[in-house]
Amino acid sequence: MRAALLDLILPSRCAGCGAPGAVACPSCTAELLREPAPRPPDPPPPGLPECWSATAYDGAARRMILACKERGRTALVPVLAASVSACVTAWAAALPPGGGAAAREVWLVPVPSARAASRSRGHDPVRAVAAAAARELCRRGRPATLAPLLRHSRRVADQAGLGSAERAANLSGAFEAGRGAAARPRPRGRGLEDVAVVLVDDVVTTGTTLAEAARALRAAGTEPAAAVTVAATRRRRRIRRNAEYHRQ
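The structure presented is a predicted model; accordingly, all values stated were derived computationally and were not measured. (Residues numbered from 1 in each chain as written. Predicted model: local features only at pLDDT ≥ 70, side-chain atom pairs only at ≥ 80, totals over all residues. Heavy atoms only, no water.)

Further remarks concern the overall build of the protein chain. The helix and strand tally for the protein chain stands at 9 helices and 8 strands. Burial analysis of the protein chain (248 residues in total) assigns 45% to the buried set. Long-range contacts, defined as pairs at least 24 residues apart, comprise 74% of the intrachain contacts of the protein chain with a sequence gap of at least 6. (Helix = DSSP H or I, 4+ residues; strand = E, 2+ residues; numbered from the N terminus. Buried < 20%, exposed > 50% of the residue type's maximum accessible area, 1.4 Å probe, protein only. Contact = heavy atoms within 4.5 Å.)

A few words on the pairing of strand E8 (residues 226-232). Most of E8 sits out of view: 7 of its 7 residues are buried. Pairing between strand E2 (residues 51-56) and E8: 5 bridges, direction parallel. Note on E8: the bridge partner recorded for alanine 56 is alanine 232. With helix H8 (residues 208-219) bridging strand E7 (residues 195-204) and its parallel neighbour E8, the resulting β-α-β unit is right-handed. (Pairing = 2+ DSSP bridges. Right-handed = clockwise from strand over helix to strand, strands pointing away.)

With that out of the way, let us pick up the pattern of salt bridges. Taken as a whole, this structure holds 8 salt bridges when the rule is applied. Linked by salt bridges that have partners in common, Glu136, Arg139 and Arg140 make up one network. (Salt bridge = Lys/Arg side-chain N within 4 Å of Asp/Glu carboxyl O.)

This next bit is on the environment of aspartate 58. By the secondary structure assignment, aspartate 58 is in the loop between E2 and helix H3 (59-70). Taking the C-alpha atoms as reference points, aspartate 58 and arginine 234, 176 residues apart in sequence, are found 8.6 Å from one another. With near-sequence residues (within four places) excluded, aspartate 58 lies in contact with Glu31 and Arg234. Within polar-contact distance, the side chain of aspartate 58 engages the side chain of arginine 234 at 2.7 Å. (Polar contact = N/O pair within 3.5 Å; in protein donor to acceptor, adjacent residues only side chain to side chain.)

So, on to H8. End to end, H8 covers 16 Å across 12 residues, agreeing with the expected 16 Å (1.5 Å per residue, within 8%). Among the residues of H8, Thr208, Thr209, Leu210, Ala211, Glu212, Ala213, Ala214, Ala216 and Leu217 are the ones counted as buried. (Expected span 1.5 Å × (residues − 1).)

This brings us to the nonpolar core. Ranked by internal contacts, the top residues of the largest apolar core, which has 44 residues, are Met64, Leu76, Trp91, Leu108 and Val228. Those elements that provide at least two residues to this core are helix H2 (26-32), E2, H3, helix H4 (77-93), strand E3 (105-110), helix H6 (125-139), E7 and E8. It is H4 that provides the largest number of residues to this core, a total of 9 residues. Among residues more than four places away in sequence, those in contact with methionine 64 are Ala15, Gly16, Ala24, Cys28, Thr29, Leu32 and Leu76. In this structure, Ala174, Val197, Leu199 and Ala211 belong to the second largest nonpolar core, which totals 22 residues. (Core = buried A, V, L, I, M, F, W, Y, C linked by side-chain atoms within 4.5 Å.)

Attention now goes to the confidence of the model for the protein chain. Segments scoring low in pLDDT should not have their predicted coordinates read at a detailed level. Here the protein chain averages 80 in pLDDT, while 70% of its residues score no lower than 70. When the elements of the protein chain are averaged for pLDDT, helix H9 (residues 236-247) gives the smallest value, 42, and E8 the largest, 97. Residue range residues 237-248 is modelled with pLDDT below 50. Its contacts to residues more than four positions away, or to other chains, number 4 contacts. (pLDDT = per-residue confidence, 0-100.)

Moving on to H3. Side chains of residues three or four places apart in an α-helix project in the same direction, reflecting 3.6 residues per turn. With 12 residues, H3 extends 16 Å between its outermost C-alpha atoms, agreeing within 8% with the 16 Å of an ideal straight helix rising 1.5 Å per residue. For H3, the set of buried residues is Ala60, Ala61, Met64, Ile65, Ala67 and Cys68. Buried residues of H3, viewed axially, fall in a sector of 160°; they line one side. Contacts made by the buried residues of H3 are with H2, E2, H4, H6, E7 and E8. Glycine 72, located one to two residues past H3, shows a positive phi value of around 70°. (Arc of directions from axis to C-beta.)

A separate point is the sheet that holds E8. Sheet strands line up and pair through hydrogen bonds in the backbone, either parallel or antiparallel. Spatially, E1-E2-E8-E7-E3-E4 is the arrangement adopted by the 6 strands of the open sheet, whose pairing is mixed. Because the sheet does not close on itself, it has two edges, and the strands there are strand E1 (37-38) and strand E4 (144-146). Bridge count between E3 and E4: 3 bridges; the pairing is parallel. Within E4, the residue paired with tryptophan 107 across the bridge is threonine 145. Sitting on the sheet, H4 is in contact with E2, E3, E7 and E8, with an inclination near 135° to E8. Strands in contact with H8 are E2, E7 and E8; relative to E7, the strand with the most contacts, it is inclined by about 155°. (Axes fitted to C-alpha atoms, helices over the stretch in contact; angles between N-to-C directions.)

This is the structure in structure tokens:
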């Protein structure tokens, strides 16, 4: 809240590079939209849907995500949402022609933040980004809506510093699909077969969070078509191979 008030009172500075004039300068905004592409973790966890990200989780992109998520700079939500909508558009364009899948209405399902985290931050950044991305897609002519289908079923530990196996154990069974009509929006005059359910998160690291979210949706009878994030961490296996090459 303090950061959001300061953004209103003081001259804006780019959260990515510190340049004065805007919360996100054109150069850093371009970095967030640099190259929407499949960026799955290596190796991907079982059950992870096709995973797209707009950019790598480093540099200005990392600083802007953290500024929005941890320091309350909610003015960055539309900028991050633009990268999510760009990923959805690129993913749909890459689908095979003829099946009609690219024309389906998109439901953006945010990975839920823990209640304690949302309280401490004062907002739920992933849900806010998913909602803004749905509005952006609609403005571009693609039917889309926010679909908050998931919730936490139990408490989980902080993921920071955990390896892939520890993350998987920490998140096993952590999500469930919400019950009731409020959690499941209706397709606009169509059946569920005309809807593409897409998971949304800010960053993909090991993929365990998105895989657990996908498991919870499947348990409720909904198959996620894809997962999109603003950014992806560098692939660990590739980093290890490069380090081994340089040691030789």
